[in-house]
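# Residue-level structure breakdown
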Amino acid sequence: SGDCDLVKKDLQDIILSVKRPVKVIIEVSLLSANEIKSACDIVMQSGAAYVKTHTGTTGSVKKEDVENIRDIVRTNISVKASGGIKTFEDAMKMFDSGSDLIGTSNSLNIIKGAIPITYLSGAIYGVPKDDASGWRKDVVKKIDGKAWCIDPLRKPYEVLEEKYQEYWKDIVETDKRDIDISDFLIIKWDKPSIGTDQEMIYAWERGRPVYVC
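The rules behind the values
Per chain, the residues get numbers from 1 upward, laid out in the order the sequence is written. With the structure being a predicted model, the display of local features is reserved for residues of pLDDT at least 70 and the display and counting of side-chain atom pairs for 80 or more, all residues being used for whole-chain, interface and lining totals. Water and hydrogen atoms play no part in the side-chain values, which are based on all heavy atoms of the structure. Exposed residues in this analysis have more than 50% of their type's maximum accessible area, buried residues have under 20%, and partly exposed residues fall in between, with area computed by a 1.4 Å probe over protein chains only. Only DSSP runs of H or I covering at least 4 residues are called helices, and only runs of E covering at least 2 are called strands; the numbering of each starts at the N terminus. We treat two strands as partners when DSSP finds at least two bridges between them. Seen with its strands pointing away from the viewer, a crossover is right-handed if its path from the first strand over the helix to the second goes clockwise.

## Concerning the pairing of strand 7 (residues 184-188)
Of all five residues in strand 7, four are buried; the element is thus mostly enclosed. Across three bridges, strand 7 lies against strand 8 (residues 210-212) in parallel orientation. Within the sheet, the bridge partner assigned to Ile186 lies in strand 8 and is Tyr211. A crossover connection joins strand 7 to the parallel strand 8 through helix 8 (residues 194-205); in handedness this β-α-β unit is right-handed.

Okay, structure coming up:
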């Protein structure tokens, strides 16, 4: 009906009445792009902990759904992807797209197909694009499917460069999340980089093996 204030108040009444984190499902398959934006804004303003893409009854979540929601909410709240996530590859695509959590009834199938996850750390800002992305592509090729490689450059390099000043906190939080779900790090440590140093320390503090090249 477009009565956003009423929806927000309804959500706030629920969220304030409980002491547990609340996830709000916005059912993106039934919404237009403008409605998704409005829904995400309402969920953020309501004090919810998560915005969730689907109940799983109206369609499967798409990579673009998660990317769109993540661009709207940034890291102000967490994102949960749900609907049609059946394999390890499906799950990792959701994490790569910006999801913090997944909802699935295929947990055993996902676990059976799991492979180690590695985060590719190294200088990005202030270095040529080919230097930042080339070695990562080489690692992915050499690993050849034996591990899932999380590449912080999965978003276009130009976007990261242009929005760095505005989005640096979001970028840091995303990188920390990526390290948290990784089994080990591969680091190219040939140029001074505060970000790379911090990622190495963050990984070491959490018991993640670090391989420095």
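## Points about the pairing of strand 3 (residues 78-82)
A regular strand places its side chains so that they alternate between the two faces of the sheet. Within strand 3, four of the five residues are buried, which leaves it mostly tucked inside the rest of the structure. Two elements, strand 2 (residues 50-52) and strand 3, share three bridges in a ladder whose sense is parallel. From the neighbouring strand, Val51 faces strand 3, where its bridge partner is Val79. Note that the unit made of strand 2, helix 3 (residues 63-73) and strand 3 has a crossover that is right-handed. The pairing of strand 3 with strand 4 (residues 101-103) spans three bridges and is classified as parallel. By the bridge assignment for strand 4, Ala81 is matched with Ile102. For the handedness criterion, the β-α-β arrangement of strand 3, helix 4 (residues 88-97) and strand 4 is classed as right-handed.

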